[in-house]
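Results of the structural survey
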Amino acid sequence: MWAGGRGSCQAKVGRATRGGAAGGNAALGRALEMVRGAAGWCCLVLWLPACVAAHGFRIHDYLYFQVLSPGDIRYIFTATPAKDFGGIFHTRYEQIHLVPAEPPEACGELSNGFFIQDQIALVERGGCSFLSKTRVVQEHGGRAVIISDNAVDNDSFYVEMIQDSTQRTADIPALFLLGRDGYMIRRSLEQHGLPWAIISIPVNVTSIPTFELLQPPWTFW
């Protein structure tokens, strides 16, 4: 499926997009042609967001974070920001707690809200709107919220998180995480008897040569 291999595909796109910001649309066109000719459309579809971002355009946003502890899930995970609500990360958190909310759907008062203050909450989809969950975490002092799909077998489909019909707003970043990833993080914490994971967010994957090797092995790619 991956012509020339995923690693070589990534390298080609990296070379194609470096220095492209100054080249405008012409550079973008050359980059796309290089990738298409060298590694096929599968490669193009996978790495197009990086190419587009280098030129100031947006087709789909991805944001990456790395679990630092527990060690058995020390991988780089991919998430997608909410489309039309929530804030952005103005700084990188080298080490911050990712705290599973209790109750997991986070549609009301959180029994472990004290531990979420100044940290990032991991909540599950369902029970209320994405915006409602984000506001609950914000009201408990969370820096951001990561909402994982409640379909634990979902390892490839990213849901677009949009506002509900209440005209409310939220200021903290809200990210969508694949259900499989969320399940594996929670399972690891339960197995180790830990109340939270330690993560680094956001992560610039273009600066990590071994990015391919650090992705969760259960995710389709």
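Residue indices begin from 1 for each chain and proceed along its sequence in written order. It should be noted that, the model being predicted, local features are given only for residues of pLDDT at least 70 and side-chain atom pairs only at 80 or more, the latter also being counted only at that level, while totals for whole chains, interfaces and linings use all residues. Only hydrogens and water are removed before side-chain values are computed, so all heavy atoms of the structure are retained for them.

**What about the overall build of the chain?**
Worth spelling out the cut-off: Comment: elements are numbered from the N terminus, with helices defined as DSSP H or I runs of at least four residues and strands as E runs of at least two. Under the scheme applied here, a residue whose accessible area is under 20% of the maximum for its type counts as buried, over 50% as exposed, and between as partly exposed, the area being computed with a 1.4 Å probe on protein chains only. Under the convention used here, a 1.4 Å probe and the Shrake-Rupley method define accessible areas, while residue burial counts only the protein chains that appear.
A tally of helices and strands in the chain yields five helices and seven strands. Ordered by position from the N terminus, the helices and strands of the chain form the series α-α-β-β-β-α-β-α-β-β-α-β. Expressed as a percentage of the 221 residues in the chain, the buried residues total 45%. For the chain, the computed accessible surface area is about 11100 Å², with 54% contributed by carbon and sulfur atoms.

**Description of the confidence of the model for the chain**
Put simply, the rule reads: A score between 0 and 100, pLDDT records how confident the predictor is in each residue. Residue contacts are defined here by distance: any two heavy atoms, one from each residue, within 4.5 Å place the two residues in contact.
Model confidence for the chain is summarised by a mean pLDDT of 81, while 72% of its residues fall at 70 or above. Across residues 1-60, confidence stays below pLDDT 50; counting only partners more than four residues off in sequence or on other chains, it has 59 contacts.

**Regarding the pairing of strand E4 (residues 120-124)**
Rules: Two strands qualify as a pair provided DSSP detects at least 2 bridges between them. If you view a crossover with the strands going away from you and the path from the first strand over the helix to the second runs clockwise, you call it right-handed.
Across the five residues that make up E4, a large majority, four, are buried. Inspection of the sheet shows E4 paired to strand E5 (residues 144-148) by five bridges, in the parallel sense. Pairing of Leu122 across the sheet is with Ile146, part of E5. On the question of chirality, the crossover connecting E4 to the parallel E5 by way of helix H4 (residues 130-139) is right-handed.

**Observations regarding the sheet that holds strand E2 (residues 76-81)**
Using the following cut-off: Geometry is summarised by axes, namely lines fitted to C-alpha atoms with helices restricted to the contacting stretch, and by angles between N-to-C directions that run from 0 to 180 degrees.
Within the closed barrel, the seven strands sit side by side as E1-E2-E6-E5-E4-E3-E7. Their pairing is mixed. Each strand of the sheet is rotated relative to its neighbour by a mean of 35°, with strand direction disregarded. Bridge count for strand E1 (residues 63-69) against strand E7 (residues 197-201) is three bridges, and the pairing is antiparallel. Opposite Val67, over in E7, you have Ile199 as the bridge partner. Seen against the sheet, H4 touches E4, E5 and strand E6 (174-177) and runs at an angle of roughly 140° to E5. Lying over the sheet, helix H5 (residues 179-192) contacts E1, E2, strand E3 (93-100), E4, E5, E6 and E7, oriented at roughly 115° with respect to E4.

**Examining the nonpolar core**
Our working definition: Working definition of a nonpolar core: buried Ala, Val, Leu, Ile, Met, Phe, Trp, Tyr and Cys residues. They are joined through side-chain atoms within 4.5 Å.
Formed by 24 residues in total, the largest nonpolar core has its most connected members in Phe65, Leu98, Ile120, Ile146, Ile185 and Ile201. Those elements that provide at least two residues to this core are E1, E2, E3, E4, E5, E6, H5 and E7. When near neighbours in sequence (up to four residues on either side) are disregarded, Ile201 contacts Leu63, Tyr64, Phe65, Phe89, Thr91, Arg92, Tyr93, Ile96, Ile120, Ile146 and Leu175. Within the second largest apolar cluster, 21 residues are counted, among which are Ala106, Ala121, Val145 and Val159.

**What to know about the environment of Val123**
For Val123, the position within the fold is in strand E4. We classify Val123 as buried; its relative accessible area is 0%.

**A few points about the packing of aromatic side chains**
Here is the rule: Side-chain rings of Phe, Tyr and Trp (the six-membered ring for Trp) are treated as a pair once their centres are within 6.5 Å; stacked means planes under 30 degrees apart, edge-to-face means over 60, and tilted covers the remaining angles.
A complete count under the given rule lists nine aromatic pairs for this structure. Measuring from ring centre to ring centre gives 5.4 Å for Phe65 and Phe77, while their planes differ by 15°; the resulting arrangement is stacked. Of the two residues, Phe65 sits in strand E1 while Phe77 sits in strand E2, which places them twelve residues apart along the sequence. Residue classification places Phe65 among the buried positions, given a relative accessible area of 0%.

**Considering the pattern of salt bridges**
Filter applied, for reference: Here a salt bridge means any side-chain nitrogen of Lys or Arg lying within 4 Å of a carboxyl oxygen belonging to Asp or Glu.
Evaluated as defined, the whole model comprises seven salt bridges. Close ionic contact of Lys83 with Glu160 constitutes a salt bridge, the shortest N to O distance being 3.8 Å. Taken as a pair, Lys83 in the loop between E2 and E3 and Glu160 in the loop between E5 and E6 lie far apart in primary sequence, 77 residues in all. Using a relative accessible area of 53% as the deciding quantity, one classes Glu160 as exposed. When the shortest N-O distance is used, the salt bridge between Asp149 and Arg125 registers 3.1 Å.

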